Amino acid sequence: MITQPFQSMKGFSTLFTDLLQSAPYISSRFPALDDTFENRMHNTVMHRDREKLTQVLQASLSHLSLTKQQQHNLHLAGLHNTMAVVTGQQVGFLGGPLYTLYKAYSAIAQAEQLQAQYQSFNVIPLFWIEDNDHDRNEAAEAYILDKHGIPQQIICPADNTLPAQTPVSELSITDEILNLITTLEQQLPENEFTRDLIPRIQSIYTVGTEWSVAFMRLMQQWCGEKGLLFIRASDVRKSGAFASIVQQELTHPLRTLETVQKVNHELRNNGYMPQVEPSSVNLFYHDGTIRKKINYESSSFHAGDKTWTYDEIIQEAKESPEHFSPNVLLRPLCQDDFLPTCMYIAGPGECAYLAQIQECYTMFDVQMPLIYARHSATLLLSQHQRLLDKAQKSPLFFMRKYNEVEQDITHDMSDKDLELLYQQAQQDLEQILAPIMHYAESTEQSLTGAAAAARKTIHDSIDTLKKKITASKKRQEQTSFDRAKTLSNFLCPNGSAQERTYTPIALLTRVSWQTFQETITSFTALSNQSHYIITFTH
């Protein structure tokens with residue numbers, strides 16, 4: 001296992017690395033794990049509607065066969081001294097990027113650690129499935145590693161008759177999935193892992209199954225035995241649980257905009273780029289199965305072709321809160337207003353926008369939870385470790401765009417020495433041969449031709465040797481480039497981090513789930529202060 005500082009890696013913002021290093025300003029934007037944490041936990045468990053929470057959890061979990069640990073945690077969720085370590089992610093085809101699973105196991109590990117430390121509370125892990133989102137392209141995309149070790153994009157077929165603004169919660173698997181899974185099986189390695197995996201995928205991605213349910217069922221196979229509970233944002237919305245945040249946002253239009261704009265100005269002054277720009281109203285309106293952005297202008301509210309007066313939209317928010325959902329800035333507040341969240345496991349991008357909304361938590365009277373950065377890792381197979389050993393390079397050398405790797409290898413292998421040696425040899429040979437040539441010609445004129453032929457033979461031999469050396473070098477170079485391409489495809493596919501690109505399926509067709517789970521469990525139990533580079537042990 002190699003621990004790599006985030007500062008030495010591409011793709012991690014200064015805000016994120018400063019947060020992990022407890023830089024004073026950015027750390028002040030988040031609650032601290034200090035002596036006040038237990039008091040914050042007491043505040044967290046108060047004033048929660050446990051009955052509604054249990055009902056919504058049951059609605060989401062009704063699509064699963066719960067493990068005993070999940071059943072136990074579901075019971076605990078209804079108790080007033082239970083809090084949750086929460087993480088979440090948008091729906092992702094075939095489980096989404098690897099980091100989705102890392103977030104889930106980070107939440108499981110932190111829940112276990114907090115439970116051991118604060119035994120007067122119950123602490124459960126909980127995964128928020130954000131399916132109110134309407135970015136179907138992101139939800140449909142997955143990357144696998146084919147049998148040749150090349151990254152391949154797989155797209156979940158969608159019903160193209162549905163408008164682009166249809167939330168993911170309203171999307172279901174179409175009959176095109178059958179051909180897609182057949183294609184997927186053909187692309188994956190032919191081994192025992194693939195033979196075990198394909199029937200599981202076929203049983204989950206069935207025609208008519210909602211995308212969010214399929215995602216949850218796949219995550220269930222990987223996390224259910226650990227007791228992780230799942231809750232769908234669409235189920236929370238339909239329960240009316242967003243009502244308080246929604247009504248406050250509509251009652252005070254522009255307030256969130258102005259508050260976050262001030263914070264963004266402050267962030268820029270401290271050297272950080274804000275992740276999100278706020279809107280006049282940070283909400284969406286669900287018009288049947290369509291999700292529309294709400295705007296506020298000239299004392300009226302607009303969403304698509306729909307318009308409200310101030311009184312009309314407030315009235316609708318009171319009578320039908322399920323018609324409204326938050327954007328990215330208010331989503332954490334809606335989540336933490338409903339859930340007894342003591343800690344949220346966040347990715348680097350989430351840390352960035354959470355840094356913008358500390359004042360919003362206070363403004364909406366919601367307690368901001370402790371923010372804990374998810375674990376981050378790059379995983380290696382033993383065959384890739386052998387390639388690294390042959391290349392005499394660290395994994396980090398290949399964890400960047402391939403053209404950069406190729407340029408460095410080309411530079412390292414450029415052979416100016418051979419050309420210099422060749423030219424010097426030709427010059428030295430001429431100096432050595434000149435006296436002999438002169439002597440032969442002076443001895444007998446007829447020997448001139450023989451001497452010239454001998455000189456040509458010697459030079460030709462040197463030319464032949466040079467060509468053989470050059471050919472050998474090219475073979476070595478090609479081997480090096482082939483090795484580099486294999487490593488780059490695995491470690492940094494398409495120039496992006498492995499954990500942000502490949503679905504877990506990419507690795508689970510090469511190692512067993514037991515090996516994969518043991519590896520994830522091991523590094524998520526460690527500190528989150530570094531990126532881990534780990535070779536599977538078996």
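Look up a bit, the structure's there.
Predicted model only: the values in this text are computed from it and were never measured. All residue numbers refer to position in the chain's written sequence, counted from 1. Local features in this predicted model are restricted to residues of pLDDT 70 or higher, and side-chain atom pairs are both shown and tallied only at a pLDDT of 80 or more, whereas totals for entire chains, interfaces and linings draw on every residue. Heavy atoms from the whole structure form the basis of all side-chain values; hydrogens and water molecules are not counted.

A. View of empty space enclosed by the protein. Both site types are read off a 1 Å grid over the protein atoms alone. A 1.4 Å probe that fits but cannot get out defines a cavity, while an open set with protein on both sides within 12 Å along at least five of seven lines defines a pocket; lining residues have an atom within 4 Å of a point. Grid points are joined across faces, edges and corners, and a volume is the space filled by probe spheres set on the points. In total, this model carries two cavities of 30 Å³ or more according to the counting rule given. By the criteria applied, helices consist of DSSP H or I runs no shorter than four residues and strands consist of E runs no shorter than two, each listed in order from the N terminus. Residue contributions to the lining of the largest cavity peak at three residues, all from helix α10 (residues 211-223). Volume-wise, the second largest cavity comes out at about 40 Å³. In this structure, the second largest cavity is lined by Gln 90, Val 91, Glu 130, Asp 133, Asp 135, Glu 138, Ala 139 and Val 168.

B. Structural view of the packing of aromatic side chains. Pairing of aromatic rings covers Phe, Tyr and Trp, the last counted by its six-membered ring, and requires centre-to-centre distances within 6.5 Å; plane angles under 30 degrees mean stacked, over 60 mean edge-to-face, and any other angle means tilted. Applying the stated criterion across every chain yields a total of 18 aromatic pairs. With centroids separated by 5.1 Å and ring planes inclined at 85°, the aromatic side chains of Phe 93 and Tyr 205 adopt a geometry described as edge-to-face. Of this pair, Phe 93 sits in the loop between β2 (82-90) and α6 (98-117) while Tyr 205 sits in the loop between α9 (192-204) and α10, placing them 112 residues apart in sequence. In terms of burial, Phe 93 and Tyr 205 fall into one category: buried. For the pair Trp 513 and Phe 516, a centre-to-centre distance of 5.9 Å together with 85° between the ring planes defines the contact as edge-to-face. Taken as a pair, Trp 513 and Phe 516 lie in helix α25 (residues 513-524) at a separation of three residues, close to a single helical turn. Sitting over the ring of Phe 284, Arg 291 keeps its end group 3.7 Å from the ring centre. Exposure categories follow from relative accessible area, calculated using a 1.4 Å probe and restricted to protein chains: below 20% of the type maximum is buried, above 50% is exposed, and the middle band is partly exposed. In our convention, an over-ring charge means Lys NZ or Arg CZ found within 6 Å of a ring centre and within 35 degrees of that ring's normal.

C. How the structure looks around the layout of surface pockets. Approximately 830 Å³ is the volume attributed to the largest pocket. Around the largest pocket, the lining comprises 36 residues; the ones closest to its centre are Gln 89, Gln 90, Tyr 99, Asp 133 and Glu 138. Elements represented by at least two residues in the lining of the largest pocket include exactly β2, α6, β3 (122-130), β4 (141-145), α16 (348-354) and α23 (498-501). Of all the elements, α16 adds the most residues to the lining of the largest pocket, at four residues. Residue composition of the lining of the largest pocket, by class: 14 nonpolar, 12 polar and 10 charged. Empty space within the second largest pocket amounts to approximately 440 Å³. Pro 31, Leu 33, Leu 370, Ile 371 and Tyr 372 are the residues nearest the centre of the second largest pocket, which is lined by 20 residues in total. For the lining of the second largest pocket, the elements supplying multiple residues, two or more each, are α1 (14-20), α6 and β14 (370-373). Asp, Glu, Lys and Arg are counted as charged, while Ala, Val, Leu, Ile, Met, Phe, Trp, Tyr, Cys and Pro are counted as nonpolar; the rest, among them Gly, fall into the polar class. A class-by-class count of the residues in the lining of the second largest pocket yields 13 nonpolar, seven polar and no charged.

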